[in-house]
Amino acid sequence: MLIKSKLPLPLKEKVQHTKEALNIAKTHQLKSNLRKSLQRLYKLAPRLIPNPTKINFLKIAHDYKRSQFFSLARAYYRKVFKLRGFSYSQKIIALKGIEKTYKLENKKKLYLSTAKQLAQFATKNLILYPHKKFLARSVNNLNNSYARKLWTSGKIKLAKSILLKNTKLLKNKISLHKSYWILSRMASEKKQHLAAIWWLEQAKGEPRINSHAQNNIYWHLFWNYKKLKQTKSAITIIDEAISKNTKHKQKFSFWKAKILKDNGHYLQANTLFKTIVEADTLGYYALLAHRELNLKIIKLN
């Protein structure tokens, strides 16, 4: 039975097999098997540990959450958050665990209030230890996360307020491109394209931007300029994106050709479409370029 508990089965079945192995070991007084079965059971289901110590509280909370005993999970998460002896990271994990239980139960108000508590707790620690870089990163991530949750819940003004406070608090401490990015998306959603462009330019000017974020910034700058029918600015942004982000060169090149075509520059557009096809014949944007050029796709034998 203990061997069965190690098979790729649902957790509930693994626990059941382990309990059966434990009963067999008790019945036949097999001390070695009894010890191994208990160890296996407590590893699979920490909530079953009798008289648990603080070291097991997070494991027990996670187990209760996984088993959908949400109230019991929150009880242990709160112990981790309130008691001394737990690190900042552990307390953050505990609050995130509470937040997750409310999300799973669809308790939106409590979910948002816990997200707020997370951001406030992190900010309080940063004020106490302003030179700790990891705290600045934590505050930034949690404020951005809280703002996103507010935004998607329709609390747009409050979300914007959180993001603006975040940029003020952390200015020149860490990269704030994520906050500026969210602000730009909020503006774009309201069709405030000039405001969106302004926020995206702030994001673009921040240090330490990874390639994925950089791609998104350039892409949405282009799209907002396109919405405003500012063709020259849109092409300028695409050229800059191509020079800095070779991974997405095909995508940006295709849309440059597309906007040239839409504005009557057919020769330039077709030349660029052909370049895209030659660079990667069966790539996604190459196939789109085939269509723009009315070319047949050659079947492979």
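Residues numbered from 1 in each chain as written. Predicted model: local features only at pLDDT ≥ 70, side-chain atom pairs only at ≥ 80, totals over all residues. Heavy atoms only, no water.

**Considering the overall build of the chain**
No. 1: Scanning the chain for helices and strands turns up 15 helices and zero strands.
No. 2: C-alpha atoms of the chain, sized along the principal axes, occupy 85 × 60 × 35 Å.
No. 3: In the chain, buried positions account for 43% of the 301 residues.
No. 4: Taking all contacts inside the chain whose residues are at least 6 apart in sequence as the whole, residues at least 24 apart take part in 46%.
No. 5: Carbon and sulfur atoms provide 55% of the accessible area of the chain, an area that totals close to 18400 Å².
No. 6: When the 63 positive and 14 negative side-chain charges of the chain are each reduced to one mean point, those points stand 12 Å apart. (Helix = DSSP H or I, 4+ residues; strand = E, 2+ residues; numbered from the N terminus. Buried < 20%, exposed > 50% of the residue type's maximum accessible area, 1.4 Å probe, protein only. Contact = heavy atoms within 4.5 Å. Areas by Shrake-Rupley, 256 points an atom, 1.4 Å probe, with all protein chains shown as cover. Lys, Arg positive; Asp, Glu negative; His and termini not counted. Charge placed at Lys NZ, Arg CZ, Asp CG, Glu CD.)

**Some thoughts on helix α10 (residues 193-204)**
Count 3.6 residues to each turn of an α-helix, and residues three or four apart come out pointing the same way.
No. 1: With twelve residues, α10 should reach 16 Å at 1.5 Å per residue; the first-to-last C-alpha distance of 16 Å fits that figure.
No. 2: Taken together, the buried positions of α10 are occupied by His193, Ala196, Ile197, Trp199, Leu200 and Ala203. Axial view of α10: buried residues confined to an arc of 165 degrees, hence all on one face. (Expected span 1.5 Å × (residues − 1). Arc of directions from axis to C-beta.)

**Points about the packing of helix α9 (residues 177-189) against helix α11 (residues 211-227)**
No. 1: Between α9 and α11, the least distance of the axes is 11 Å, while the angle of their chain directions is 25 degrees. Comparing their axes, α11 and α9 come out roughly parallel. You can see that α9 and α11 cross each other, and the crossing is left-handed. Here α9 contributes His177, Trp181, Arg185 and Ser188 to the contact with α11, which in turn contributes Ala213, Asn216, Ile217, His220 and Asn224.
No. 2: Considered class by class, the residues forming the contact of α9 with α11 number three nonpolar, five polar and one charged. (Axes fitted to C-alpha atoms, helices over the stretch in contact; angles between N-to-C directions. Parallel < 35°, antiparallel > 145°, perpendicular 65-115°, else oblique. Left-handed = near helix turned anticlockwise from the far one by under 90°. Nonpolar A, V, L, I, M, F, W, Y, C, P; charged D, E, K, R; others polar.)

**Here's the deal with a nonpolar patch on the surface**
No. 1: Taken together, the side chains of Leu282, Leu287 and Ile297 present a nonpolar region at the surface, about 260 Å² in accessible area.
No. 2: Structurally, the position occupied by Leu282 is in the loop between α14 (266-279) and α15 (284-292). (Patch = residues over 30% accessible without salt bridge, like charges linked within 9 Å, V, L, I, M, F, W, Y side chains within 5 Å. Salt bridge = Lys/Arg side-chain N within 4 Å of Asp/Glu carboxyl O.)

**Remarks on the nonpolar core**
No. 1: Judged by nonpolar contacts, the single largest core of 76 residues is most densely connected at Phe222 and Phe273.
No. 2: The residues touching Phe222, leaving out its near neighbours within four places in the chain, are Ala234, Ile237, Ile238, Trp255 and Ile259.
No. 3: Counting residues in hydrophobic clusters, the runner-up holds five residues, among them Val15, Leu22, Leu41 and Ala45. (Core = buried A, V, L, I, M, F, W, Y, C linked by side-chain atoms within 4.5 Å.)

**Concerning the environment of Lys107**
No. 1: Secondary-structure assignment places Lys107 in the loop between α5 (88-104) and α6 (108-128).
No. 2: Judged by relative accessible area, Lys107 falls into the partly exposed class, the value being 35%.
No. 3: The contacts of Lys107, once residues within four sequence positions are left out, are Arg74 and Tyr102.

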